[in-house]
Structures are given as structure tokens and as C-alpha cells.
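The primary structure of each chain is shown beneath.
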Amino acid sequence: IIPVHFAGAPADLDAIYAIAQKHSLRVIEDCAHSIGTTYKGKKIGSFGDTQVFSFHPNKNITTGEGGAIVTRDEALVKRVNLLRFHGIDREAWARFGKSGSPHYEIACPGYKFNFMDMQAALGIHQLPQLETFNMKRLKLAERYYEKLAGCEALTLPVPPPYEHLHAWHLFTPLVNPDKAGVDRDGLMAALKEHNIGTGLHYVAIHLSPYYRDHYGFKRGDLPVTETISDRVLSLPLFPDLTIEQQDRVLLALDKIFSKR
């Protein structure tokens, strides 16, 4: 089971792990959006045995590119360590250190997925700022809720009903075309006319050519996914977004919706 902690909100892990335990399944959590998120008082990344984080430039903290795998599985650690750098069975420090030997073996076919020291240095200095960054995101998200309350043109994200701390990687309302007077793509284009960028997170993957052509998916197979994919957009949300800039977004939305 691969649950995604979408937009920084935690998935219901108690329910997911209960299903996994019942059916002897493994859970690999997609934590790309959720560094700093908590679920019922525990940090995302501290459940189960394996979680995957992203440090892409648009994530809550960054190393420029790359990510991290967190796991309690020692066998998986050894496997990942082999796969990430050409299948070589010894780290560079063990081969080139004063007491090391330059000899090594290729234990399996591998990749060039190793993390650079420069990336790690950037991430180490970002990490102490994570809570501050996330609190800024939280305040901006709360302000969107306050200012957009009662706006029938948008359906605002619904926070999970269980105890949690949201990392607010994204703020993703759904556009209601009948109330907005414009569909999602039209709203994104209209905001661009106001020099306001938005994001699309995400298109329905089963309708992309590869999955459609190889597996025979078609529109109508996953109606909830498709409805969200057709209506969702991401409004500007990042720690350095100022109140004045957020007000520009809100004013532009008001102007666009008032034209209907």
C-alpha cells in the first residue's frame, strides 16, 4: 500500500496499517509533501518501516534536488545502498580512506542516484528552519480560509478529522465552474493575466498516454479522481509570501468571480 500524504495532510495511518497487518501487506508512505507533518502526535516518518521524502526545490525544505528513504528494514538499507551507486559494495570513504582498499565489486546492476555532499550541506542548514517555514505556511493557509470563507466559486480543502499538524505544502481548492463563471483552466489563465502563477496538482495519471495506452484506462474509470483532476488548482503558498502578495491573489480572485 502506497499512501500519499497529499499537500501536507496526513493520511489515516491507523486504518491503513490495520489493513496492511490484516492482509500481510507492506506500507511505503509517500511523504514528499509532509516533512514536519504529524499524525495523532507522531511525526510522519516514524510509523511502520518505510517512508520516502522529497527535497525538490518546491518542497518545504530543499537540497536543490533529491530526497531520502527512511526505513527500519536493515535488508532494505543494504539494498538501497547498493542500488543508489552502480551496485558497488563499498562506500567511497571505505575505499579511499587511509586504511581502506581501492578494490570493490559490483554486487548488482545499480543506478547513479547518490546524494552529493553539497546537497546534504544545504539540507542540514534548511532542517532547523523547517518548523518556522511550516508555521509561516500554516498562517497563510489559515488566512486563505478566513478570506475565502463563503466563496461559493471555490470548495476549500477539508482538513482531516483526526488529530494532526498539517505541513501545508500546497493549498488546493476545487473550482466550482457554475458558481465561478469559469472552469479551472480558465481561472488559471485569468490569474495569469493578473501576473499570478498557480499550480496543477495533479492531473489524473490514469488518463496520461502511457497508462491509458498500456493498461486500457479510460475516462469514467475513476470518476472521483477525474472530478478532482478537472477542478483542482494550487494557489500561491510559500514561506516568503507576504500578506500584500496574498492580498493580490485574493483581490484577483474577487475580480474574476465578480464578472460571472
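Residues numbered from 1 in each chain as written. Predicted model: local features only at pLDDT ≥ 70, side-chain atom pairs only at ≥ 80, totals over all residues. Heavy atoms only, no water.

Caption draft 1: Geometry of the overall build of the chain. Counting its secondary structure elements, the chain contains ten helices and eight strands. In terms of overall dimensions, the chain has a C-alpha envelope of 75 × 45 × 35 Å along the principal axes. Scored against the burial criterion, the 260 residues of the chain give a buried share of 38%. Considering only contacts within the chain whose residues lie at least 6 apart along the sequence, 62% involve residues at least 24 apart. Looking at the chain as shown, the accessible area adds up to about 15400 Å², and 58% of this sits on carbon and sulfur atoms. Here the chain holds 30 positive side-chain charges and 29 negative ones, and the gap between their average locations is 2 Å. (Helix = DSSP H or I, 4+ residues; strand = E, 2+ residues; numbered from the N terminus. Buried < 20%, exposed > 50% of the residue type's maximum accessible area, 1.4 Å probe, protein only. Contact = heavy atoms within 4.5 Å. Areas by Shrake-Rupley, 256 points an atom, 1.4 Å probe, with all protein chains shown as cover. Lys, Arg positive; Asp, Glu negative; His and termini not counted. Charge placed at Lys NZ, Arg CZ, Asp CG, Glu CD.)

Caption draft 2: Representation of unusual backbone geometry within the structure. At the junction of His201 and Tyr202, the peptide bond is cis and its omega measures out at 10° in the coordinates. The topology assignment puts Tyr202 in the loop between helix 7 (184-193) and helix 8 (209-215). Located in the positive-phi region is Ala7, a residue other than glycine, with phi close to 65°. Looking at the element boundaries, Ala7 is found in the segment before helix 1 (13-23). Despite not being glycine, Lys40 has its phi angle at roughly 50°, a positive value. Among the structural elements, Lys40 can be located in the loop between strand 2 (38-39) and strand 3 (42-43). Among the residues examined, Lys40 registers a relative accessible area of 38% and is labelled partly exposed.

Caption draft 3: Seen up close, the nonpolar core. Among the nonpolar cores identified, the biggest contains 27 residues, and Leu187, Leu191, Leu235 and Leu253 are the most heavily contacted of them. Contributions of two or more residues to this core are made by helix 5 (130-148), helix 7 and helix 10 (243-258). Ranked by the residues each element gives to this core, the list is headed by helix 10, at six residues. Ignoring sequence-local partners within four residues, the contact set of Leu253 consists of Leu148, Leu154, Leu187, Leu191 and Leu235. (Core = buried A, V, L, I, M, F, W, Y, C linked by side-chain atoms within 4.5 Å.)

Caption draft 4: Looking closely at the sheet that holds strand 3. In space, the three strands of this open sheet follow the order 3-2-7, with antiparallel pairing throughout. The two strands at the open ends of the sheet, each matched to only one other strand, are strand 3 and strand 7 (164-165). As defined by bridge partners, strand 2 adjoins strand 3 across two bridges and the pair is classed as antiparallel. Across the sheet, Thr38 pairs through a bridge with Lys43, a residue of strand 3. (Pairing = 2+ DSSP bridges.)

Caption draft 5: Fine view of the sheet that holds strand 4 (residues 50-54). Read from one edge to the other, the open sheet built from three strands follows the order 1-4-5, with strand pairing classed as mixed. Since the sheet does not close on itself, it has two edges, and those belong to strand 1 (28-30) and strand 5 (67-71), each with one partner. For this sheet, the mean angle separating the axes of adjacent strands, direction not counted, is 20°. Pairing geometry for strand 4 and strand 5, over five bridges, is antiparallel. Residue pairing for strand 5: Val52 is matched across the bridge by Ile69. (Axes fitted to C-alpha atoms, helices over the stretch in contact; angles between N-to-C directions.)

Caption draft 6: Broad picture of the pattern of salt bridges. In total, this model carries nine salt bridges according to the counting rule given. Notably, a salt bridge pairs Arg26 with Asp73, separated by 2.6 Å at the nearest N-O pair. Placement of Arg26 in the loop between helix 1 and strand 1 and of Asp73 in the loop between strand 5 and helix 2 (74-83) is noted, with a sequence separation of 47 residues between them. The closest approach of N and O atoms between Asp230 and Arg219, which form a salt bridge, is 3.1 Å. Of this pair, Asp230 sits in helix 9 (residues 223-231) while Arg219 sits in the loop between helix 8 and helix 9, and the two are eleven residues apart along the sequence. Each of Arg26, Asp49 and Asp73 takes part in salt bridges that share partners, so that together they form one network. (Salt bridge = Lys/Arg side-chain N within 4 Å of Asp/Glu carboxyl O.)

Caption draft 7: Focus on the packing of helix 7 against helix 10. Two elements in contact, helix 7 and helix 10, have axes separated by 10 Å at closest approach and are oriented at 125°. Of the possible angle classes, the one that applies to helix 7 and helix 10 is oblique. Crossing geometry of helix 7 relative to helix 10 is assigned as right-handed. Every residue of helix 10 that contacts helix 7 at Leu187, Ala190 and Leu191 is listed here: Ala252, Leu253, Ile256 and Phe257. (Parallel < 35°, antiparallel > 145°, perpendicular 65-115°, else oblique. Left-handed = near helix turned anticlockwise from the far one by under 90°.)

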